[in-house]
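What follows is the residue order along each chain.
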Amino acid sequence: MHILLPPSEKKATEGDGPPLDLASLSFPELNPTRKRVLAALAKACRRADAAEVLGLPPGQADEAVARNKAVRKAPTLPAARLYTGVLYDNLDLPDLDAEAAARQIIVFSGLWGALRLTDRVPPYRLAMGVSLPPAGGLGASWRPAMRKALRLGDDLVVDMRSGPYASAWKAPGPAVSVRVFRERLVDGVAKRTVVSHMAKATRGRIAHDLIKAGASPRTPEELVKAVAGLGHTVELNGADLDVVLHD
């Protein structure tokens, strides 16, 4: 089983290790594209409208651009400590077996393409939905290299990525996308709505619980049994694993 995660917008502010070494990163087939995206990012950060190009809010733009400018020389840290948002808070990596988590989790990134948790990179800010001149949309830029680099065989893929990151690579083998709904009774009728903030927390908890339990489902049906057995309410709808939250 492989669990695909998005990065988090919220990140650690500084690293404590050596500068970036692309040759040390997982999925070396991505390195030519990594170099092109790094060059395009450096060029974008020299523009007067860098914040607009990168989709950065005014209060965070100066700091984010400064980090991006320093990305080649800044101290690095493992991806396991870099990402600190809601999903990663609930993933609770310190509570998991580090080798199992590193083996099963792949983090997608607008700047690095895909990472293992042990890969060391510096803090940065580049969302997959950004269009970087002259390369264009990052999802499309990463797609050809991803197809060559990510060979996961017949292992089940549990996809917890958001839309822009999911667009960069589609699993050729068995895969299930995790969706999260909240169910409420309205006039005696059960109504479901898509949730956003709680979706991140729920995906993080499910990823944590699967790895903690040592689960190794090989089919979507086995995944449903595993997740339900861990106390979650789930349904399999085609290629989607729907998680239902109740008030």
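As a reminder, the structure under discussion sits directly above these lines.
What you are looking at is a predicted structure, and each value in this text was computed from that prediction instead of being measured.

(A) Focus on the overall build of the protein chain. In terms of helices and strands, the protein chain carries ten helices and twelve strands. On C-alpha atoms alone, the protein chain measures out to a radius of gyration of 19 Å, which is about the 18 Å that the 2.2 N^0.38 rule sets for 247 residues. Based on the C-alpha atoms only, the size of the protein chain along its principal axes is roughly 55 × 40 × 30 Å. Taking all 247 residues of the protein chain together, 51% fall into the buried category. Intrachain contacts of the protein chain at a sequence separation of at least 6 include 69% that bridge at least 24 residues. When the accessible surface of the protein chain is summed, it comes to about 11800 Å², and 52% of that surface belongs to carbon and sulfur atoms. Side chains of the protein chain give 34 positive and 27 negative charges; the mean places of these two sets differ by 7 Å.

(B) Focus on helix α7 (residues 138-149). The first and last C-alpha atoms of α7 sit 16 Å apart over twelve residues, in line with the 16 Å expected at 1.5 Å per residue. Every buried residue of α7 is listed here: Leu138, Gly139, Trp142, Ala145, Met146 and Ala149. Buried residues along α7 cover an arc of 140° about the axis, so they all sit on one side. Turned more than 90 degrees off the buried face of α7, the exposed positions are Arg147 and Lys148.

(C) Inspection of the side chain of arginine 203 at higher detail. Here arginine 203 is to be found in helix α9 (residues 197-212). One buried charged residue, arginine 203, forms no salt bridge at all, with the nearest opposite charge on aspartate 159 at 7.7 Å. Here the side chain of arginine 203 touches valine 178 through a polar contact of 2.9 Å, landing on its backbone oxygen. Excluding anything up to four places from it in sequence, arginine 203 contacts Leu87, Met160, Val178, Arg179 and Val180.

(D) Representation of the pairing of strand β11 (residues 234-237) in the model. Where β11 meets strand β12 (residues 240-246), four bridges bridge the pair, whose relative direction is antiparallel. Considered in β12, the bridge of glutamate 235 is made with aspartate 242. Hairpin remark: β11 followed by β12, antiparallel, with two residues in the connecting loop; positive phi at glycine 238, about 65°.

Cut-offs used in this document
Residues numbered from 1 in each chain as written. Predicted model: local features only at pLDDT ≥ 70, side-chain atom pairs only at ≥ 80, totals over all residues. Heavy atoms only, no water. Helix = DSSP H or I, 4+ residues; strand = E, 2+ residues; numbered from the N terminus. Rg over C-alpha atoms; globule rule 2.2 N^0.38 Å. Buried < 20%, exposed > 50% of the residue type's maximum accessible area, 1.4 Å probe, protein only. Contact = heavy atoms within 4.5 Å. Areas by Shrake-Rupley, 256 points an atom, 1.4 Å probe, with all protein chains shown as cover. Lys, Arg positive; Asp, Glu negative; His and termini not counted. Charge placed at Lys NZ, Arg CZ, Asp CG, Glu CD. Expected span 1.5 Å × (residues − 1). Arc of directions from axis to C-beta. Salt bridge = Lys/Arg side-chain N within 4 Å of Asp/Glu carboxyl O. Polar contact = N/O pair within 3.5 Å; in protein donor to acceptor, adjacent residues only side chain to side chain. Pairing = 2+ DSSP bridges.

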